[in-house]
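Descriptive structure summary
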Amino acid sequence: MAMRSIIIALLLALTAFAQEMNSTYVQAVYNTPAVENDSIAKILHNYERATKIGNRHKTLGTGLIIAGSVGLCAGVAVTAYAIKNHNDYQRDSQKYSYEEGDSGSAYLFLLGGSSIFVGGASIITGIIFRSNGQKRLDRANGYEEQLRQYNQRSTSLSIVPLINPIGQAFGGNLLLNF
């Protein structure tokens, strides 16, 4: 019985939330400024936004690729040094009796492996950001082409003759194209 009343209360709360979200969406749609409905302003806004985001993503992607490459190279170098250090320890421990273990090489190996992992992940993330930025810039070029085509349209004024032999009417009209 208590479970049923909890479910009913939850459904009522979700219904009220959905109605509130729907009214918020309707208000947002009807409260758009007139500039947003103008085709040139909308295309220009989309062009500027795509260019801004595209450049930001390409810059971020390039930085991640460079940082990841540095981290990857450093990780490989530290791991190689740790392996060499461990092999030297193994060779020396056969000659001499050491009671402590080779913990320094293990820490270096862990540090190098972590650096390789983080560097590789940074490179992959940078490639994704860079390609996304290029797609945005390609989309911006499409908007730029739309603006160029829209600007090529010009206004013209022409005279159109009117000839009606049946009604015996002659004259002309002015035609304004824009």
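Residues numbered from 1 in each chain as written. Predicted model: local features only at pLDDT ≥ 70, side-chain atom pairs only at ≥ 80, totals over all residues. Heavy atoms only, no water.

1. A look at the overall build of the protein
When helices and strands are counted, the protein shows four helices and two strands. The helix and strand sequence of the protein, counted from the amino end, reads α-α-α-α-β-β. Expressed as a percentage of the 178 residues in the protein, the buried residues total 14%. Expressed as a percentage of contacts within the protein between residues at least 6 apart in sequence, the contacts between residues at least 24 apart total 65%. Of the roughly 13900 Å² that the protein leaves accessible, carbon and sulfur atoms contribute 63%. (Helix = DSSP H or I, 4+ residues; strand = E, 2+ residues; numbered from the N terminus. Buried < 20%, exposed > 50% of the residue type's maximum accessible area, 1.4 Å probe, protein only. Contact = heavy atoms within 4.5 Å. Areas by Shrake-Rupley, 256 points an atom, 1.4 Å probe, with all protein chains shown as cover.)

2. With respect to the environment of S39
Inspection of the secondary structure assignment puts S39 in helix 3 (residues 39-95). By relative accessible area, which is 36% here, S39 ends up partly exposed. Sequence spacing of S39 and Y150 is 111 residues, and the spatial spacing of their C-alpha atoms is 9.6 Å.

3. As for the nonpolar core
Ranked by size, the top nonpolar core spans five residues in total: I43, A50, A140, Y143 and L147. The set of elements that each furnish at least two residues to this core consists of helix 3 and helix 4 (103-152). Among the elements that take part in this core, helix 4 stands out by supplying three residues, more than any other. With sequence-adjacent residues up to four places away left out, L147 is seen in contact with I40, I43 and L44. (Core = buried A, V, L, I, M, F, W, Y, C linked by side-chain atoms within 4.5 Å.)

4. Some words on the environment of G104
Looking at where G104 falls in the secondary structure, it is placed in helix 4. By relative accessible area, which is 37% here, G104 ends up partly exposed.

5. Describing a nonpolar patch on the surface
A cluster of nonpolar side chains, L157, I159 and L174, forms an exposed patch at the surface whose accessible area comes to about 390 Å². With respect to the helices and strands, I159 occurs in strand 1 (residues 156-164). Among the residues examined, I159 registers a relative accessible area of 68% and is labelled exposed. (Patch = residues over 30% accessible without salt bridge, like charges linked within 9 Å, V, L, I, M, F, W, Y side chains within 5 Å. Salt bridge = Lys/Arg side-chain N within 4 Å of Asp/Glu carboxyl O.)

6. Things to note about the side chain of T79
Here T79 shows up in helix 3. Of the residues examined, T79 reaches a relative accessible area of 11% and is grouped as buried. Setting aside residues up to four positions removed in sequence, T79 forms contacts with F109, G112, G113 and I116.

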